[in-house]
Amino acid sequence: MPGAAEGASTHLDPAQDFPTELPELTLEQLQVLHSRACLQLEREYLDSPEGAHPVTLDRHQDLVAELHTRHSDLPTPAHP
């Protein structure tokens, strides 16, 4: 996964690589990337009076949209 070279980083800095094709990621990779983006958003909101970086906001929006797409693709469980 692009950006994995940073390894131990728990945040996703705007300057770090970001996958261009989110649908190609596994669910686990997508969830990890989403977690890192959320932590980056928190960091930016706390550290910057201007708020979050536009790149971070866009990435977070893209990740949430992909997670929602995958969630909507799940079959609805049958209720007895």
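Above this note sits the structure.
Criteria and cut-off values
Residues numbered from 1 in each chain as written. Predicted model: local features only at pLDDT ≥ 70, side-chain atom pairs only at ≥ 80, totals over all residues. Heavy atoms only, no water. Axes fitted to C-alpha atoms, helices over the stretch in contact; angles between N-to-C directions. Helix = DSSP H or I, 4+ residues; strand = E, 2+ residues; numbered from the N terminus. Left-handed = near helix turned anticlockwise from the far one by under 90°. Contact = heavy atoms within 4.5 Å. Nonpolar A, V, L, I, M, F, W, Y, C, P; charged D, E, K, R; others polar. Polar contact = N/O pair within 3.5 Å; in protein donor to acceptor, adjacent residues only side chain to side chain. Core = buried A, V, L, I, M, F, W, Y, C linked by side-chain atoms within 4.5 Å. Buried < 20%, exposed > 50% of the residue type's maximum accessible area, 1.4 Å probe, protein only.

J.: Would you explain the packing of helix H1 (residues 27–47) against helix H2 (residues 54–72) in this entry?
T.: For any two helices packed against each other, one specifies the crossing angle of their axes together with the interaxial distance. H2 packs onto H1 with a crossing angle of 145 degrees between their chain directions and a minimal axis gap of 9 Å. The handedness of the crossing between H1 and H2 is left-handed. Contact with H1, carried on its side by Leu27, Leu30, Gln31, Leu33, His34, Ala37, Cys38, Gln40, Leu41, Glu44 and Tyr45, involves Thr56, Leu57, His60, Leu63, Val64, Glu66, Leu67 and Arg70 of H2 and no other residues of that element. Of the residues that constitute the contact of H1 with H2, the class distribution is eleven nonpolar, five polar and three charged.

J.: Explain the environment of Ser48 here, please?
T.: Here Ser48 is to be found in the loop between H1 and H2. Here the side chain of Ser48 touches Glu50 through a polar contact of 2.8 Å, side chain to side chain.

J.: Before we go on, may I ask you to explain the nonpolar core in this structure?
T.: Side chains of a nonpolar character, in soluble globular proteins, are inclined to be buried together. Formed by Leu12, Phe18, Leu22, Leu25, Leu30, Leu33, Ala37 and Leu63, the largest nonpolar core amounts to eight residues. When residues of this core are assigned to their parent elements, the largest contribution, three residues, is made by H1. Residues in contact with Phe18, not counting those within four places in the same chain, are Leu12, Leu33, Arg59 and Leu63.

Distances and angles like these do not, on their own, reveal function.
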